[in-house]
Every structure is written in C-alpha cells, then in structure tokens.
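Below, each chain spelled out in residue letters.
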Amino acid sequence: MVLKNATKQRQKRIIVLEDLDFLWDEDELEEVARLWKIGLDVRVIAGKFNRDPDDILLALIHLAKEDRIFRRIGGLTLGF
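Residues numbered from 1 in each chain as written. Predicted model: local features only at pLDDT ≥ 70, side-chain atom pairs only at ≥ 80, totals over all residues. Heavy atoms only, no water.

## Considering the side chain of Arg72
Here is the rule: To qualify as a helix, a DSSP run of H or I must reach at least 4 residues; to qualify as a strand, a run of E must reach at least 2; elements of each kind are numbered from the N terminus. Burial status follows relative accessibility: with a 1.4 Å probe on protein chains alone, a residue under 20% of its type maximum counts as buried, one over 50% as exposed, and anything between as partly exposed. Here the positive residues are Lys and Arg and the negative ones are Asp and Glu; neither His nor the chain ends is included. Salt bridges are defined by distance alone: a side-chain nitrogen of Lys or Arg within 4 Å of a carboxyl oxygen of Asp or Glu. By the criterion applied in these results, polar contacts are pairs of N or O atoms within 3.5 Å in which, for protein atoms, one can donate a hydrogen and the other can accept it, and in which residues neighboring in sequence qualify only through two side-chain atoms.
Relative to the helices and strands, Arg72 is located in the segment after helix H3 (53-65). Asp41 provides the closest opposite charge to the buried, unpaired Arg72, separated from it by 6.3 Å. Within polar-contact distance, the side chain of Arg72 engages the backbone oxygen of Trp36 at 2.7 Å.

Structural data, given as structure tokens:
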C-alpha cells in the first residue's frame, strides 16, 4: 500500500486511536448488529457493552464493510 505523502519526512509519529478497543467476540458483533437494526442509539449500544461509543462506531464500520448492517433513517443517534 502506498501512503499519501510517503516521501515526506515524518517529524513526530502518533498512533491514532490507541485508546480504543478493536477486539470483539463474534457474538458481540452479532449483538451490535442486532441492536443497530432495531434502531438503538450508538451511545445506548455502548452502555450495554460498557464500552466507549467510539468502539461501537468502529464495530459498525466493520459490520457495514461486511454488508452485515446498512444505513438507517435517523443515522447514529435515533431518539436523542
């Protein structure tokens, strides 16, 4: 993979999102997908898993890329 601006000398490297948890069990991802499909808000889903809402967003991106969830009316925060 060729990175944009790869020839540019890097001064200070930062690992992005290192505070987030990228690890999920398959059954947890199935539950995230189910909760998404019934319309729960991302923050509510995060509360059910005791995780940062950003962790849920990463899981949703993963699920969407696998065509396991789809865009919904109301977006990420239904009911709020």
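## Section: the packing of helix H2 (residues 42-49) against H3
The test is simple: Between N-to-C directions, angles cover 0 to 180 degrees, with each direction set by a line fitted to C-alpha atoms, over the stretch in contact for helices. Orientation categories follow fixed angle ranges, with anything under 35 degrees roughly parallel, anything over 145 roughly antiparallel, 65 to 115 roughly perpendicular, and all other angles oblique. For this analysis, residues touch if any pair of their heavy atoms sits within 4.5 Å. Under the grouping applied here, Gly and all other residues not named as nonpolar or charged are polar, the nonpolar ones being Ala, Val, Leu, Ile, Met, Phe, Trp, Tyr, Cys and Pro and the charged ones Asp, Glu, Lys and Arg.
As a packed pair, H2 and H3 sit with axes 8 Å apart at the nearest point and diverge in direction by 105°. As far as their axial angle goes, H3 and H2 are roughly perpendicular. Residues Val42, Arg43, Ile45, Ala46 and Phe49 of H2 lie in contact with H3, whose contacting residues are Pro53, Ile56, Leu57 and Leu60. Of the residues that constitute the contact of H2 with H3, the class distribution is eight nonpolar, no polar and one charged.

## Here's the deal with the pattern of salt bridges
According to the stated counting rule, one finds six salt bridges in the structure shown. Among the ionic pairs, Asp21 bridges to Arg51, the shortest N-O distance being 3.3 Å. In this pair, Asp21 sits in the segment before helix H1 (26-37) while Arg51 sits in the loop between H2 and H3, placing the two residues 30 residues apart along the sequence. The partly exposed category is assigned to Asp21, whose relative accessible area is 34%. On the basis of relative accessibility, which here comes to 14%, the residue Arg51 falls in the buried class. A salt bridge links Glu66 to Arg68, with the nearest nitrogen and oxygen atoms 2.9 Å apart. Classification of Arg68 as partly exposed rests on a relative accessible area of 23%. A network of salt bridges, in which partner residues are shared, links Asp21, Arg51 and Asp55.

Fair warning: the whole summary comes from geometry, so function is off the table for now.
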